[in-house]
Amino acid sequence: TNSGSDQGQMSPMVEQLEERYGRRAEAWLVDGGFAGLAEIERVSQAGSTVYAPVMEPRDPTRDRHEPRPRDAPEVAAWRQRMGTEEAKTIYKERAATSECVNAQSRNRGLQQFPVRGVSKGTAIVLWYALAHNVMRTAALLGLGAGIT
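For every chain, the first residue of the written sequence is number 1, and numbering continues from 1 onward in sequence order. For a predicted model such as this one, the threshold for reporting local features is a pLDDT of at least 70, and the threshold for listing and counting side-chain atom pairs is 80 or more; totals across whole chains, interfaces and linings nevertheless cover every residue. As a rule here, side-chain values come from all non-hydrogen atoms in the structure, and water together with hydrogens is ignored.

Colleague: Can you tell me about the pattern of salt bridges, naming the residues and giving the values?
Modeller: In what follows, salt bridge is the name for a side-chain nitrogen of Lys or Arg lying within 4 Å of a carboxyl oxygen of Asp or Glu. Across all of its chains, the model carries 6 salt bridges by this definition. The salt bridge partner of R64 is E56, with a shortest N-O separation of 3.2 Å. In this structure R64 comes out as partly exposed when scored by relative accessible area, which is 28%. Classification of residues uses two cut-offs on accessible area relative to the type maximum, computed with a 1.4 Å probe and protein chains only: under 20% is buried, over 50% is exposed, and between them is partly exposed.

Have a look at this one:
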């Protein structure tokens, strides 16, 4: 998409990956901007567990992990789950996985797209992904001294 936000993109991603791989993931570890309440409800109803941070409430006296009156049962369960130590530990894995790749891409110059349009943007991202995978493979095989 060429939207300026990830909001609302979790369900389409889940559906696309289920179609590609022929099965549903047990759990999703996603960015807070990616996981709207409707998305959490939909993906949870389909049988997957969502791990995403709960936004800070406007009212500082309210516990963000306490279900709200209008929450769907899946959203209420997500709020409560994210308040547990187990969920917090699982969510910390995100920094060591996807955020590391994002940081490396930014350090290699992918801070702004030099092209316009979804197809051209996709080509740029695929080149960065390919370069990242080649450099990680070389590093893991000990072929690239100093390659990061």
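Colleague: Describe the confidence of the model for the chain, with residues and values.
Modeller: Confidence per residue, as judged by the predictor, is encoded in pLDDT with a range of 0 to 100. Across the chain, the average pLDDT comes to 87, with 95% of residues at or above 70. Numbering of helices and strands starts at the N terminus; helices are DSSP runs of H or I of at least 4 residues and strands are runs of E of at least 2. Within the chain, helix α5 (residues 98–107) has the poorest average pLDDT of any element, 76, and helix α3 (residues 73–82) the best, 96.

Colleague: Give me the packing of helix α1 (residues 10–21) against helix α2 (residues 37–45): which residues, what numbers.
Modeller: Their axes nearest at 9 Å, the elements α1 and α2 cross at an angle of 25 degrees. As judged from the angle between their axes, α1 and α2 are roughly parallel. Contacts between α1 and α2 involve M10, S11, P12 and V14 from the first element and E39, I40, R42 and V43 from the second. Polar here means any residue outside two lists: the nonpolar Ala, Val, Leu, Ile, Met, Phe, Trp, Tyr, Cys and Pro, and the charged Asp, Glu, Lys and Arg; Gly therefore counts as polar. In terms of residue class, the contact of α1 with α2 is made up of 5 nonpolar, 1 polar and 2 charged. Lines fitted to C-alpha atoms define the axes here, with helix axes fitted over just the stretch in contact, and angles between the N-to-C directions of these axes take values from 0 to 180 degrees. When an angle is under 35 degrees it counts as roughly parallel; over 145 it counts as roughly antiparallel; between 65 and 115 it counts as roughly perpendicular; any other value is oblique. We call two residues contacting when some pair of their heavy atoms lies within 4.5 Å.

Colleague: Which residues make up α2, and what values go with them?
Modeller: Among the residues of α2, E39, I40, V43 and S44 are the ones counted as buried. An end-on view of α2 places all buried positions within 125 degrees of arc, on one side of the element. In this fold, the buried residues of α2 make contact with α1, β1 (27–29), β2 (49–51) and α3. Phi turns positive one or two residues past the end of α2, at G47, with a value near 105 degrees. As used here, the arc belongs to the directions running from the helix axis to the C-beta atoms.

Colleague: Please give an account of the side chain of D71 that cites residues and values.
Modeller: Tracing the chain through its elements places D71 in the loop between β2 and α3. Between N or O atoms, a polar contact is any pair within 3.5 Å; within protein, one atom must be a potential hydrogen donor and the other a potential acceptor, and residues adjacent in sequence are included only when both atoms are from side chains. In terms of polar contacts, D71 uses its side chain to reach the backbone amide nitrogen of R68, at 2.8 Å. Among the polar contacts listed, one links the side chain of D71 to the side chain of R79, at a separation of 2.5 Å. For D71, the residues in contact, after removing those within four places along its chain, are A76 and R79.

Colleague: Before we move on, could you go through the packing of α2 against α3 and cite the residues and values that matter?
Modeller: Look at α2 against α3: their axes get within 8 Å of each other, and the N-to-C directions meet at 100 degrees. Between α2 and α3, the angle is such that the two are roughly perpendicular. Residue-level inspection shows L37, I40, E41, S44 and Q45 of α2 in contact with α3, the latter providing E74, V75, W78 and R79. Its residues placed into classes, the contact of α2 with α3 shows 4 nonpolar, 2 polar and 3 charged.

Colleague: Give me the side chain of S11: which residues, what numbers.
Modeller: Locating S11 in the fold gives a position in helix α1. The residues touching S11, leaving out its near neighbours within four places in the chain, are E39, R42 and V43.

Colleague: Give me the layout of surface pockets: which residues, what numbers.
Modeller: Picture a little ball the size of a water molecule; that probe, rolled over the atoms, points out where space is still empty. A volume near 1700 Å³ is recorded for the largest pocket. Lining residues are defined by having an atom within 4 Å of a point belonging to a cavity or pocket. Those points lie on a 1 Å grid over the protein atoms alone, cavities being sets where a 1.4 Å probe fits but cannot get out and pockets being open sets with protein on both sides within 12 Å along at least five of seven lines. Lining the largest pocket are 38 residues, with D6, F34, N102, F113 and V125 positioned closest to its centre. Put simply, the parts of the chain that give the lining of the largest pocket at least two residues each are α1, β1, α5 and α6 (118–140). Of the residues contributing to the lining of the largest pocket, the split by class is 16 nonpolar, 15 polar and 7 charged. Grid points are joined across faces, edges and corners, and a volume is the space filled by probe spheres set on the points. There is about 360 Å³ of room inside the second largest pocket. Together, 15 residues line the second largest pocket, and L37, M55, E56, R68 and R79 are the ones closest to its centre. Here the residues of the lining of the second largest pocket are counted per class, giving 7 nonpolar, 3 polar and 5 charged.

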